[in-house]
Amino acid sequence: MTLIELMVAAALSALLLVALIGVLRGLSMQMRLANRMDQPVWPSRFVQFLRRDLLAADAVWERSGIVWIRTDAPAYSSAGNTPSDITGIRDIGYRCGMLQNGRRVLERIDSDRVDVLAFEPSRIVVERLDSQGNPQPLPPSPGPVPAQVRVWVWENSAGPPKVLKDLVIR
């Protein structure tokens, strides 16, 4: 090998190392951002999605810890509010699930898409409110959409609920 070939090999190795460091730095920044998710922001986003889904709902029920909403409104992506090509009657679910690493998440299930809305909630409860404002549980099978609901979300199973919001739907 000549000296020029060695210098070219060293320069290419340095470029590859810089690219690898850049990729690893970007990944670590994304992980820090995901772990540091701004907790005051997620409740408003969750309530925004739930309110929009309930406004377009034809039926609401709860089964096995999942709040289901049946709708025929066009599907919307979470990134932008543009209608996608998913139309027709479909069920949208809200549930507290668990990732493979044991971390709890609040998920919105729409067809084959699952959006993570928050980290660490352990339970979600949606109650319908009657005309006097008394909470009633959602039915176990598809039922009419109530005019008003109360939403509870627990961040841990032992403590008080983190989010309590009354939503007027109709």
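What you see is a predicted model; the values in this text were computed from it and never measured.

Calculation criteria
- Starting afresh in each chain, residues are numbered from 1 along the sequence in its written order.
- For this predicted model, a pLDDT threshold of at least 70 governs which residues receive local features, and a threshold of 80 or more governs which side-chain atom pairs are given and counted, while totals over whole chains, interfaces and linings are taken from all residues.
- Excluding hydrogens and water, the side-chain values take into account all heavy atoms of the structure.
- Strands here are runs of E lasting at least two residues and helices are runs of H or I lasting at least four, both read from the DSSP assignment and numbered beginning at the N terminus.
- Burial status follows relative accessibility: with a 1.4 Å probe on protein chains alone, a residue under 20% of its type maximum counts as buried, one over 50% as exposed, and anything between as partly exposed.
- In this analysis, two residues are considered to be in contact whenever any of their non-hydrogen atoms come within 4.5 Å of each other.
- Here, a salt bridge means any Lys or Arg side-chain nitrogen found within 4 Å of an Asp or Glu carboxyl oxygen.

Further remarks concern the environment of D110. One can find D110 in strand β4 (residues 104-110). Taking the relative accessible area as the measure of exposure, D110 reaches 2% and is therefore buried. When the C-alpha atoms of D110 and I92 are compared, they prove to be 4.7 Å apart, with 18 residues separating the residues in sequence. Once you skip the residues sitting within four places of it in the chain, D110 turns out to touch A75, R90, D91 and I92.

Moving on, we get to the pattern of salt bridges. For the structure on display, the rule yields six salt bridges. A salt bridge links D53 to R108, with the nearest nitrogen and oxygen atoms 2.9 Å apart. With D53 in helix α2 (residues 41-55) and R108 in strand β4, the pair connects residues that are 55 residues apart, well separated along the chain. With respect to burial, D53 and R108 carry one shared label: buried. Residues R90 and D110 are paired through a salt bridge, measuring 2.7 Å at the closest nitrogen-oxygen approach.

These values are about where atoms sit, not about what they do.
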